[in-house]
Amino acid sequence: MSAALVLTWAMLAAPVQAPAPETTPWAEAGGRPWTSCREYERQAEMLLRSSKSEESNGATSWSTRARQCPNAPAVLVVAALVELSKVPGFPPLVDLQAELTGLAEAQRATRRQALTWLRRALLESERRGEPPPTLTHYFVGYAALGLGDWAAARTALREAERLGEVESWRSDRALAVAALLAGDLAEALRLAHRSREFAPGADRPTSIQILALIYDRAGAPDAAQRELAALRAQNYGEDRATVETVLPLPERIYLQALQQGPRNPGNAMRLWDAYLACPEPEAPERRLVEQRRDELRPRGSIVPTGPTGPTSPAGPTSPAVPGRKI
């Protein structure tokens, strides 16, 4: 038998290789069963639609669910919300300057992780031909603000505003912070005023604290202190759990210094020093803070005074309940 004939018979006898099966969407989603991921997405959609969630299941790990179902947009957005609620608490103020680098990196890490999930949610929604889950653009803006990227924040927040993702006073409040970071104090004041006027009672303290921050930066420290004093008089205290989620680290320090200044100059001095140790503030902000710091010095003194070894006025911030709008 010729070699050609042998080769022909061998080819005919060889088993035909079937084409590899295509990857299914649920295989891409980590191989989780349809029922699990769909149920997680249903729960996430309910949380995002509710203005105030009654669910307080602290055992729910939305970051774990996001890893298990990375192609479930609503799950990714709720995981991002939980991540945005994480704000590292300050150490004792005597140690604040030494730990600035670690604090800044810890806060940036949460914002970067949130952005990773939110961008994946946007991509998956586009692939499905569906609108992204509610609040997606708003949370993108929130994460960008925490990173100090006011331009990206403004773009995302304008889109959230166009889509009606949140009430106007919420978008105004976040856009006021973006305008502050951009150096547009007139626009920041306009938006912060509007947010304070239209925010409901339980949410107004956050808007007032941001307005006070902008007042001081605009050269109206008396107005800033009047706003903060009015909050204290109404027994609102200094709840920073929400306001600190929207601010980058230097602005968190600045606001705490304002709140401490009249009543505890020693703490305020340490906070102002920590603010000046941050690399982000530019020359105008540095000059203003140096002026604020000098105003706290007792007349005739060349060194700051205050209690020895003050402790931080804020402990670690508790994560927000999933579904709570920030």
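Okay, so let's go over this structure. Here the structure is a predicted model, which is why all the values come from computation and not from measurement.

## Comments concerning the environment of Thr64
Part 1 of the argument: Turning to its location among the elements, Thr64 is positioned in helix H4 (residues 62-68).
Part 2 of the argument: C-alpha separation for the pair Thr64 and Ala79, spaced 15 residues apart in sequence, amounts to 8.5 Å.
Part 3 of the argument: Reaching out from Thr64, the side chain makes a polar contact with the side chain of Ser61 at a distance of 2.7 Å.

## Brief notes about the pattern of salt bridges
Oppositely charged side chains are able to pair whenever their charged atoms sit close together.
Part 1 of the argument: Inspection of the entire model under this criterion finds 23 salt bridges.
Part 2 of the argument: With its nearest N and O atoms 2.7 Å apart, the salt bridge here joins Asp172 to Arg194. Taken together, the positions of Asp172 in helix H9 (residues 168-182) and Arg194 in helix H10 (residues 185-198) put the pair 22 residues apart, joining distant regions of the chain.
Part 3 of the argument: A cluster of three or more residues bridged by salt bridges with shared partners is formed by Glu41, Glu124, Arg127, Arg128 and Glu130.

## Considerations on the layout of surface pockets
Part 1 of the argument: For the largest pocket, the calculated volume is near 420 Å³.
Part 2 of the argument: As for the largest pocket, its lining consists of 21 residues, and the residues nearest its centre are Gly148, Leu181, Pro248, Glu251 and Glu280.
Part 3 of the argument: When contributions to the lining of the largest pocket are tallied by element, the ones reaching two or more residues are helix H6 (100-128), H9 and helix H14 (249-260).
Part 4 of the argument: A per-class count over the lining of the largest pocket returns eleven nonpolar, four polar and six charged.

## Looking at the nonpolar core
Part 1 of the argument: Core analysis: the largest hydrophobic core is formed by 81 residues, its most contacted members being Trp62, Leu96, Tyr138, Phe139, Leu145, Ile253 and Tyr254.
Part 2 of the argument: Those residues in contact with Tyr254 that sit more than four places away from it in its chain are Leu213, Asp216, Arg217, Trp272, Tyr275, Leu288 and Val289.

## Observations regarding the environment of Glu159
Part 1 of the argument: By the secondary structure assignment, Glu159 is in helix H8 (residues 150-163).
Part 2 of the argument: Take Glu159: its relative accessible area is 24%, and that puts it in the partly exposed class.
Part 3 of the argument: The spacing of Glu159 and Thr136 is 23 residues in sequence and 9.9 Å in space, taken between C-alpha atoms.

## Regarding the packing of aromatic side chains
Part 1 of the argument: According to the stated counting rule, one finds four aromatic pairs in the structure shown.
Part 2 of the argument: Between the aromatic rings of Tyr254 and Trp272, the centroid separation amounts to 4.9 Å while the plane-to-plane angle is 85°, which identifies the pairing as edge-to-face. Linking Tyr254 in helix H14 with Trp272 in helix H15 (residues 265-277), this pair joins segments that are 18 residues apart in sequence.
Part 3 of the argument: Centre to centre, the rings of Tyr254 and Tyr275 are 5.3 Å apart; their planes meet at 75°, and the pair counts as edge-to-face. Separated by 21 residues along the polypeptide, Tyr254 in helix H14 and Tyr275 in helix H15 bring together distant segments of the chain.
Part 4 of the argument: The class for Tyr275 is buried, based on a relative accessible area of 1%.
Part 5 of the argument: Among the aromatic residues, ring-to-ring pairing joins Tyr138, Phe139 and Tyr142 into one connected group.
Part 6 of the argument: One Lys or Arg, Arg65, reaches over the ring of Trp62 and ends 4.6 Å from the middle of that ring.
Part 7 of the argument: The ring of Tyr254 carries the charged tip of Arg217 above its face, separated from the ring centre by 4.9 Å.

## Comments concerning unusual backbone geometry
Part 1 of the argument: Unlike most non-glycine residues, Leu135 shows phi in positive territory, near 80°.
Part 2 of the argument: Structurally, Leu135 can be placed in the loop between H6 and helix H7 (136-146).

## A word on H7
The periodicity of an α-helix, 3.6 residues per turn, causes residues three or four positions apart to be oriented the same way.
Part 1 of the argument: When you tally the buried positions in H7, you get eleven out of eleven residues, the bulk of the element.
Part 2 of the argument: Regarding H7, the residues found buried are Thr136, His137, Tyr138, Phe139, Val140, Gly141, Tyr142, Ala143, Ala144, Leu145 and Gly146.
Part 3 of the argument: The positive-phi residue at the C-terminal boundary of H7 is Gly148, with phi of around 80°.

## What about the packing of helix H11 (residues 204-217) against H14?
Part 1 of the argument: Orientation of H11 relative to H14, taken along the N-to-C sense of each, is 90°, at an axis distance of 10 Å. Put simply, H11 runs roughly perpendicular to H14. For the pair formed by H11 and H14, the contact residues are Gln209, Ala212, Leu213, Asp216 and Arg217 on the first element and Glu251, Tyr254, Leu255, Leu258 and Gln259 on the second.
Part 2 of the argument: Per-class residue counts for the contact of H11 with H14 are five nonpolar, two polar and three charged.

The rules we used
- Residues numbered from 1 in each chain as written.
- Predicted model: local features only at pLDDT ≥ 70, side-chain atom pairs only at ≥ 80, totals over all residues.
- Heavy atoms only, no water.
- Helix = DSSP H or I, 4+ residues; strand = E, 2+ residues; numbered from the N terminus.
- Polar contact = N/O pair within 3.5 Å; in protein donor to acceptor, adjacent residues only side chain to side chain.
- Salt bridge = Lys/Arg side-chain N within 4 Å of Asp/Glu carboxyl O.
- 1 Å grid on protein atoms, 1.4 Å probe; cavity = no way out; pocket = protein on both sides within 12 Å on 5 of 7 lines; lining within 4 Å.
- Points joined across faces, edges and corners; volume = space filled by probe spheres on them.
- Nonpolar A, V, L, I, M, F, W, Y, C, P; charged D, E, K, R; others polar.
- Core = buried A, V, L, I, M, F, W, Y, C linked by side-chain atoms within 4.5 Å.
- Buried < 20%, exposed > 50% of the residue type's maximum accessible area, 1.4 Å probe, protein only.
- Contact = heavy atoms within 4.5 Å.
- Phe/Tyr/Trp six-rings, centres within 6.5 Å; stacked < 30°, edge-to-face > 60°.
- Lys NZ or Arg CZ within 6 Å of the ring centre and 35° of its normal.
- Axes fitted to C-alpha atoms, helices over the stretch in contact; angles between N-to-C directions.
- Parallel < 35°, antiparallel > 145°, perpendicular 65-115°, else oblique.

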